[in-house]
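Tertiary structure, described
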Amino acid sequence: MALRLLGIVCVGLGLASAQPDSVARISIAAFGDVNLGRTVGQIILKGEIDYPFEKVREYFSKQDIIFFNLESQLSDQNGETEDPKSNIVFCGPPVAAASVRRANVSVVSTANNHAFDYGMKGLRETITLLRSEGVSVVGTSFDSSAMFLPSVIERNSIRVGIVAYTQFVNKMESWDGRESWQGYISDFDSQRVQLEIEDVRKKADFVIASYHGGREYADLPDSKTREEMRSLIDAGADLVVGHHPHVPQGIEEYKGRLIFHSLGNFVFHQAPYWTQRGLGIEMQLEKQEGPARLSAVRLVPVQAGYQPALSLSSTDRARLMKRIQSLSNVPLVVRDGQYFVQIPNSQAHNDN
């Protein structure tokens, strides 16, 4: 599907509005996979606490809520940030929690396949360290739980609820055989999903569900992944963001809601071309009477890596957006050189 100009449909973020002053507004930005272990972890241990988010700090400071998927545990492993026997086992150092907080990050998902890389010690340290810095955590629990608590963040009288699920958790040979992650990591379970999202709907004006799963490096989600992401909408989520493939995938409109199949990488270094190009989504919510609604969704091109930046070349940016549009069933809108998602009528704030 070709990009098309629909200027009268799109409401740009930060543009003047004719809406009454009584309309409450907030901005939310969501990004992809963040790994504060491996090389980045070693840089942080040398004292460069702000290193991973240095190039996006100014942008982050302007958002009301920042969310991403934290792919690495944060744990004191005596200076180790990567298992010497396996480069797919890694963790960030304890001080990395301060890196997250100093970047103005509000909430992170810890429901992913690396959530138990360093076992129960790492899981509990991750939760404790982030909470001590004032960063909300969704997708894991300090104590075994039948249901996982959402994060409900209120900004300017708008309450945003966030829940998180993972399709699987890596099995590590180094785990103590007595340890089990069941009940501590929010793996996808359709019955629990229904109950949790119904519960957070009572507390929030807008619900975002994070889903970690699918095939790595694939252009499209497999049938199971697509079905499970759709079921989050069926359960009552207003918007779904996907993680794990490490490459940006398309956007799906489903029952008048938006599903971002994969945002790709953010603070994550890998070699293939598309693993170095990620996607951020910047949402503006408005609320006057009734539920909060989307008034704009802008796509934010990302140069992913150890130290991500929002400064792709015009050629790379155009190539990224062409890829996203070809994989999506919802139009992208070009306005003033920026790319927006056409909001489904049922979600648009000005829908009557």
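Residues numbered from 1 in each chain as written. Predicted model: local features only at pLDDT ≥ 70, side-chain atom pairs only at ≥ 80, totals over all residues. Heavy atoms only, no water.

1. Focus on the environment of Asn 87
Cut-off, in case you're wondering: What counts as a helix is a DSSP run of H or I of at least four residues, what counts as a strand is a run of E of at least two, and both are numbered from the N terminus. Relative accessibility under 20% of the residue-type maximum defines a buried residue, over 50% an exposed one, and the middle range a partly exposed one, all with a 1.4 Å probe and only protein chains included. Any two residues whose heavy atoms approach within 4.5 Å are treated as being in contact.
Structurally, the position occupied by Asn 87 is in the loop between strand 3 (73–74) and strand 4 (91–92). What makes Asn 87 partly exposed here is its relative accessible area of 47%. Distance in space between the C-alpha atoms of Asn 87 and Arg 38 is 8.1 Å, their sequence separation being 49 residues. Apart from the residues within four sequence positions on either side, Asn 87 is in contact with Arg 38 and Glu 82.

2. Re helix 7 (residues 314–326)
Note the following rule: By definition here, a helix of n residues has an expected span of 1.5 Å times n minus one.
Along its 13 residues, helix 7 runs 18 Å from first to last C-alpha, staying within 8% of the 18 Å computed at 1.5 Å per residue. Taken together, the buried positions of helix 7 are occupied by Asp 316, Leu 320, Met 321, Arg 323, Ile 324 and Gln 325. Against the buried residues of helix 7 lie strand 11 (251–254), strand 14 (277–287), strand 15 (293–303), strand 16 (332–335) and strand 17 (338–341).

3. Re the side chain of His 114
Heads up, the condition is: The term polar contact refers here to a pair of N or O atoms within 3.5 Å; inside protein, the definition further demands a hydrogen-donor-capable atom paired with an acceptor-capable atom, and it admits residues adjacent in sequence only when both atoms are side-chain atoms.
Mapped onto the elements of the fold, His 114 is located in the loop between strand 5 (107–109) and helix 4 (119–132). Separated by 3.4 Å, the side chains of His 114 and Asn 113 make a polar contact. In this structure, His 114 is in contact with Glu 71, Gln 73, Ile 88, Phe 90 and Asn 170, ignoring residues within four places of it in sequence.

4. Quick look at the packing of aromatic side chains
Each aromatic ring pair is described using two quantities: the centre-to-centre distance and the angle formed by the ring planes. What counts, and what does not: Aromatic rings from Phe, Tyr and Trp, taking only the six-membered ring of Trp, are treated as a pair when their centres fall within 6.5 Å; an angle between ring planes under 30 degrees marks them as stacked, one over 60 as edge-to-face, and anything in between as tilted. Charges are assigned to positions over rings by a cutoff of 6 Å between ring centre and Lys NZ or Arg CZ, combined with an angular limit of 35 degrees from the ring normal.
Applying the stated criterion across every chain yields a total of 11 aromatic pairs. Centre to centre, the rings of Phe 31 and Tyr 59 are 6.2 Å apart; their planes meet at 85°, and the pair counts as edge-to-face. Taken as a pair, Phe 31 in strand 1 (residues 24–34) and Tyr 59 in helix 2 (residues 57–61) lie far apart in primary sequence, 28 residues in all. The burial state of Phe 31 is the same as that of Tyr 59; both residues are buried. Seen from their ring centres, Tyr 273 and Trp 274 are 4.8 Å apart, and the 85° between their planes marks the pair as edge-to-face. In this structure Tyr 273 comes out as partly exposed when scored by relative accessible area, which is 24%. Taken together, the aromatic side chains of Phe 31, Phe 53, Tyr 59, Phe 60, Phe 68 and Phe 266 make up a single cluster linked through ring pairs. Positioned over the ring face of Trp 274 is Arg 323, at 4.8 Å from the centre of the ring.

5. With respect to the pattern of salt bridges
Our working definition: The term salt bridge refers to a pairing of a side-chain nitrogen on Lys or Arg with a carboxyl oxygen on Asp or Glu at a separation within 4 Å.
All chains considered together, the criterion is met by 20 salt bridges. Asp 205 is the partner of Arg 159 in a salt bridge, and the nearest nitrogen-oxygen pair spans 3.4 Å. Pair noted here: Arg 159 is in strand 8 (residues 158–166) and Asp 205 is in the loop between helix 5 (190–201) and strand 9 (206–212), with a separation of 46 residues, a long-range link. Between Arg 323 and Asp 219 there is a salt bridge; the shortest N-O distance is 3.0 Å. Linking Arg 323 in helix 7 with Asp 219 in the loop between strand 9 and helix 6 (223–234), this pair joins segments that are 104 residues apart in sequence. The buried category is assigned to Arg 323, whose relative accessible area is 10%.

6. Brief notes about the pairing of strand 7 (residues 151–155)
What counts is decided by this rule: For two strands to count as paired, DSSP must find a minimum of two bridges between them.
Here strand 7 runs beside strand 8; their pairing, made up of 5 bridges, is antiparallel. For Arg 155, the partnering residue across the bridge sits in strand 8 and is Ile 158. Between strand 7 and the antiparallel strand that follows it, strand 8, lie 2 residues; Asn 156 among them carries a positive phi value of about 50°.

7. Overview of the nonpolar core
As a reminder of what qualifies: For the purposes of this section, nonpolar cores are sets of buried Ala, Val, Leu, Ile, Met, Phe, Trp, Tyr and Cys residues that join through side-chain atoms within 4.5 Å.
Leu 239, Phe 260 and Leu 299 are the most contacted members of the largest nonpolar core, which has 41 residues in total. In this structure Leu 239 touches Phe 206, Val 207, Ile 208, Ala 209, Ile 233, Leu 258, Phe 260, Ile 281, Met 283 and Leu 294, once residues within four positions along its chain are discounted. One finds Phe 53, Ala 97, Leu 129 and Trp 181 within the second-largest nonpolar core, a separate group that totals 38 residues.

No statement about biological role is implied by the geometric values presented.
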